[in-house]
Amino acid sequence: MQCELSLLSFVTVLSTVFCDGLAEDAVLDVEPYWSTFFIGESVTFKCDMNEGEKSDWQYKIQKDGQAFVHYNTHEKYTLSLRHRGDKGQYQCFGRNKYDSQLIKKSNTVNLSVSAAFPKATLTLTTTTSGGSVILSCSVKNSEGWTYEYFRRTQSTTEAPVRTDGEENRVSVKQGGIYRCRGSRGPITSYISDDVPIDITLSNKVVIKQEPKWPQSFSGEVVTLKCEVQGGDVTDWQYDWRFRGKKSYSSYGNNWILTATRSSSGEYTCKGIKRGDPYSSTEWSDAITLAVLPGKPKAQIQADIKTIPVGGNVTLICSVSPSSGWKYSWYRFLESSHLLTAQDAVFHVNGKISVSQVGLYWCKGGRGNPVYYSEDSDAVTIDQNVPYRAVVKLQHKWPQIYNGEKITLRCDIHEEIEWEYEFKSPMSSPFITKNELVIFYASSSVNGDYKCRGRKKNAPQFLTGWSDSFSLEVLQKPSPVLSVSPSWLSPGVSVTLKCEVENPSAGWRIYWYKAIPDLSKITGCYSYELLPDSSNGTAQDLYIIHQQTHTAAFACRAARGDPLFYTLNSEPKFVWSGDFNAEASLQVIPSRVQHFSADSVSLSCEGNCTEWRVKKINNEGAVSDCVDWVVTKGSTCQLHSGLHSNAVYWCECASAFSNAVNITKQSEAIILESPVHPVAEGDPVTLSCKLREEQTVLDVIFYKDDKVIQSDTIQELTILAVSKSDEGFYKCQHAGKESPQSWMAVKSVPKPENDLFLPMLIAGLVCGFLLIILFLLFCYYKKSKGSSSARSQSVNQSSVTDCMINQDEKNTYTSPVHDDTCVYESIKVSDDNETCTTGGRDESGDVTYASIELKRVAKNEQNKKTEESCIYSDVMIRSSTEKPAPSATDETVYSEVKTSKNRAQ
């Protein structure tokens, strides 16, 4: 047998077909068809066999599988529900009258019976735009009800509400308390709970504040007014809400507040229909009340506080932050009183004009009742007198510097006893003497200064403020020191010049010698006053005599009482190439110019145990050896690759060394010249060097940009250097030119023995000349008798240098005494001539003595010094060969000629 299971989709009815051998096509229906039945109701079962006529069948009903109604001919059965036991599963059976074997079984119906009596539920479902609401009534988990609605208010009894035929909903336009209940057959549900319904009316509501001030103060009276558009005030009752909570209700539309700090916040209101508390407007937009604590204080302002001569002063009173104030003015001189139109000119906006001295104050009031502010501070109004004050600086210096003591003076040229007020950027006006002293000037005192005078016995009468005196305090200055010359020469004094900004501004200059201080940071010096500098000098020049070694100097200036000192100037150096016994600088290789790839060693020697090597470059920047190379002891190594053109020297605690010029070049050619000065009389050799080669054969040498030889040579040798050989030298090879370097020549004092030979020669020549002159004089006396002897001084021309060409070397020999040959000749003439003087003829012989000194330079390789010789040649000439200097006497002329012969 095939079994089949189906589930009918009814809420509480289940029909099941069991596989028990019975045909299952009967149907059991329930009327009414509700999900839940309550005690007191009845239910009707209807059994339909779906076959034949109803009279062909007998019917029975089972409950929970047990016979409930036995077979009978009624297809319907009504059950009155009296208790919960009537619930269960019901099923009907049909048996054919004509065929007892034909039995049909229906579906199973589940019957739910509740003992609890039902209660209606009222809900608000929606609100319409017309101000009405829709209410809905229901009985939970049940069907088939009809509903009734009821309304009441606080002042009316409950009454039914017309439903307009709706099954379970009603539309209402009145506010109130609503309830509902349901009815089904013989039973009625419990009535629902109360549902208050508020109806929102479309009338617009506006809240206003009177007076309308943006801020109120504690103690002020403020009125809030609620205005409902449409309808009279008496139609409404008013609710007020503060900070979102209902706070106040009234039949009038005003809420009068005495403001406190706690009154600050947002206020709203709405209107409620009188007699219909459930019908009201919407809440108004909020208005914010701002209450400030305490009473406000009036503020007084004066455009000026001193009445000008013949003028007045404008005063302004205000209370902020707020508005609506009216102001009262008061004045005190000997007593206080309220100002009237006779005392002042009253303007709008709290302004008045006054022309009397005194103490003035004001206060503000507003509202009804009037609320007063606190009194303002008092302002003193003075009156000007026609006298002028002037601020002057005691020292007429154009600049003031940080740290100086300065005095400002207030001058009033009137014979009145004054008290003085100064106005400065540092403080409000203050009373003092006629001088304002700033003991330590700084940038904080910069600004404008004014002063005025106040009559001592009538302080309300005073002068006007003086014109501003602008004070600007500058940073402490540092003078600039210059030295001349920067390189020492024998016998030349060193001039120091100290330049201070505005040198005419009372400065005295203090001069210092810089002493190296190796115990402190790099490049530090201590300073010792130079002689005659303890009190400073008025001049900005200082001359140092007999300076022979490298030294450093500094200066500073001072002025005022107490003395204000500038900063020290940067030390300036004067250099000497001469060696110092205490400290000297040696250079290896010993030349001025070096290739950039060369390594140069600088060594300090002397009596010191601690050294530092310093340099100054072409831009004037001074630095220590430790800043640019690694040092070891007293030696500083300039490594390859360092390009530097600078002056170098050594310093120790007691002395400066000689200074040297060193250049490191990137050019392909350099000049090899001595790094130290060459002593006069010493030989020196200059040569040219290429980066790739050790020696260069064909070189052209220049001195002071002029070629000093006619052909190319290998080296330039000066056998005995003189001061005239000092200058700038450079060399040229194959179109390449070296930089130029200075060769210094130092003078060497000659021992006394070196003067013996020149003095001996001069003595012999002078003695010989005297003898010749004496002989000539005797000869003349013998031949003429009474002739007068005249003499002419002997001129000796300077001896020029001799040049010897030897192989490829060019040697310049300076004039020295050891290689001098003197030729002297005297020639005598017997001719006598006549001199005509003063219109008359006078005959007489005049004798000339001519001595010619000749010098022959000998080759050093072929001639020794002792081969020097003296040749004398005396020539006597008559007076007719040369005009006579005197008309009265006969004269002997002596002429000494010096000539030189160049050795071939």
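Residues numbered from 1 in each chain as written. Predicted model: local features only at pLDDT ≥ 70, side-chain atom pairs only at ≥ 80, totals over all residues. Heavy atoms only, no water.

Caption draft 1: Structural detail: the overall build of the protein chain. For the protein chain, the helix and strand inventory stands at two helices and 83 strands. The buried share among the 904 residues of the protein chain stands at 41%. A separation threshold of at least 6 residues defines the contact pool for the protein chain, and within that pool the share at least 24 residues apart is 64%. In the structure as shown, the protein chain presents an accessible area of about 49000 Å², 49% of it carried by carbon and sulfur atoms. (Helix = DSSP H or I, 4+ residues; strand = E, 2+ residues; numbered from the N terminus. Buried < 20%, exposed > 50% of the residue type's maximum accessible area, 1.4 Å probe, protein only. Contact = heavy atoms within 4.5 Å. Areas by Shrake-Rupley, 256 points an atom, 1.4 Å probe, with all protein chains shown as cover.)

Caption draft 2: Here's a closer look at the state of the cysteines. According to the stated counting rule, one finds 10 disulfides in the structure shown. Covalent S-S linkage joins Cys608 and Cys652, the inter-sulfur distance amounting to 2.0 Å. Taken together, the residues span a long stretch of sequence, with Cys608 in the loop between strand 59 (600–606) and strand 60 (612–617) and Cys652 in the loop between strand 64 (645–651) and strand 65 (660–665) at a distance of 44 residues. Cys652 carries the same exposure label as Cys608, and that label is buried. (Disulfide = S-S within 2.5 Å.)

Caption draft 3: Inspection of the pairing of strand 51 (residues 508–516) at higher detail. Where burial is concerned, most of strand 51 is hidden: seven out of the nine residues are buried. As paired elements, strand 51 and strand 54 (residues 551–559) share six bridges and run antiparallel to each other. Directly across from Tyr512, in strand 54, lies its bridge partner Ala554. In the sheet, strand 51 pairs with strand 52 (residues 525–529) via five bridges, with the strands oriented antiparallel. When the bridges of strand 52 are listed, Lys513 appears paired with Glu528. (Pairing = 2+ DSSP bridges.)

Caption draft 4: Local environment of a nonpolar patch on the surface. On the surface, a cluster of nonpolar side chains totalling about 330 Å² of accessible area is made up of Ile771, Phe774 and Leu775. Relative to the helices and strands, Leu775 is located in helix 2 (residues 756–784). Among the residues examined, Leu775 registers a relative accessible area of 49% and is labelled partly exposed. (Patch = residues over 30% accessible without salt bridge, like charges linked within 9 Å, V, L, I, M, F, W, Y side chains within 5 Å. Salt bridge = Lys/Arg side-chain N within 4 Å of Asp/Glu carboxyl O.)

Caption draft 5: Examining the packing of aromatic side chains more closely. With the rule as written, the count across this model stands at 28 aromatic pairs. Ring centres of Phe217 and Trp325 lie 6.1 Å apart, and the angle between their planes is 55°; this geometry places the pair in the tilted category. Of this pair, Phe217 sits in strand 20 (residues 216–217) while Trp325 sits in the loop between strand 31 (313–318) and strand 32 (326–332); the two residues are 108 residues apart in sequence, bridging distant segments of the chain. For the pair formed by Phe217 and Trp325, the shared burial category is buried. Here Tyr512 and Tyr527 contribute two aromatic rings whose centre-to-centre distance is 6.3 Å and whose plane-to-plane angle is 75°, an arrangement assigned as edge-to-face. With Tyr512 in strand 51 and Tyr527 in strand 52, this pair connects stretches of sequence that are 15 residues apart. Given a relative accessible area of 28%, Tyr527 falls into the partly exposed group. Among the aromatic residues, those joined into a ring-pair cluster are Trp487, Tyr525, Phe573, Trp575, Trp649 and Phe656. Taking NZ or CZ as reference, Lys60 lies 5.3 Å from the ring centre of Phe93, over its face. (Phe/Tyr/Trp six-rings, centres within 6.5 Å; stacked < 30°, edge-to-face > 60°. Lys NZ or Arg CZ within 6 Å of the ring centre and 35° of its normal.)

Caption draft 6: Just the sheet that holds strand 1 (residues 27–31), in detail. An order of 1-3-6 is seen for the three strands of this open sheet, with the pairing classed as antiparallel. Looking at which strands have only one partner, the edges of the open sheet turn out to be strand 1 and strand 6 (76–80). Within the sheet, the average angular offset between the axes of one strand and its neighbour, ignoring direction, is 20°. (Axes fitted to C-alpha atoms, helices over the stretch in contact; angles between N-to-C directions.)

Caption draft 7: Representation of the confidence of the model for the protein chain. With 80% of its residues at a pLDDT of 70 or more, the protein chain shows a mean pLDDT of 80. Low pLDDT (under 50) marks residues 1–21, which in the prediction has 38 contacts with non-local residues, meaning those over four places away or in another chain. Segment residues 786–904: pLDDT under 50, and 250 contacts once partners within four positions in sequence are set aside and those in other chains are kept. (pLDDT = per-residue confidence, 0-100.)

Caption draft 8: Expanded view of unusual backbone geometry. The omega torsion of the bond from Ser484 to Pro485 falls at -5°, within 30 degrees of zero and hence cis. For Pro485, the position within the fold is in the loop between strand 49 (480–484) and strand 50 (494–499). Across the junction of Asp561 and Pro562, the peptide omega takes the value 5°, indicating a cis bond. Position of Pro562 relative to the elements: it lies in the loop between strand 54 and strand 55 (564–565). The residue Asn349 is not glycine, and still its phi comes out positive at about 60°. The residue Asn349 is located in the loop between strand 34 (345–346) and strand 35 (351–354) in this model. Here Gln546, not a glycine, exhibits a phi torsion of approximately 60°, which is positive.

Caption draft 9: Structural context of the sheet that holds strand 58 (residues 593–595). Pairing is mixed in the open sheet, where five strands are placed in the order 58-65-64-60-61. Edge positions in the open sheet fall to strand 58 and strand 61 (622–624), since each of these has one partner strand only. Direction aside, neighbouring strands of the sheet carry axes that sit 30° apart on average. Two elements, strand 60 and strand 61, share three bridges in a ladder whose sense is antiparallel.

Caption draft 10: Structural view of the pattern of salt bridges. Tallying each qualifying case throughout the model produces 32 salt bridges. A salt bridge links Arg184 to Glu41; its shortest N-O distance comes to 2.9 Å. Taken together, the residues span a long stretch of sequence, with Arg184 in strand 15 (residues 176–184) and Glu41 in the loop between strand 2 (37–38) and strand 3 (42–48) at a distance of 143 residues. According to the relative accessible area criterion, Arg184 is buried, its value standing at 1%. For Asp467, the salt bridge is made with Arg388, and the minimal N-O distance between the two is 2.6 Å. Of the two residues, Asp467 sits in the loop between strand 46 (461–462) and strand 47 (469–471) while Arg388 sits in the loop between strand 38 (379–384) and strand 39 (389–393), which places them 79 residues apart along the sequence. For Arg388, a relative accessible area of 54% gives the class exposed. A single salt-bridge network, built from bridges that share partners, covers Arg152, Glu158, Arg179 and Asp194.

Caption draft 11: Looking closely at the side chain of Thr153. When you line up the elements, Thr153 lands in the loop between strand 12 (146–152) and strand 13 (159–161). Judged by relative accessible area, which is 8%, Thr153 ranks as buried. A polar contact of 2.6 Å, which involves the side chain of Thr153, links it to the side chain of Thr156. Once residues lying within four places of it in the same chain are set aside, the contact partners of Thr153 are Gly175, Gly176 and Tyr278. (Polar contact = N/O pair within 3.5 Å; in protein donor to acceptor, adjacent residues only side chain to side chain.)

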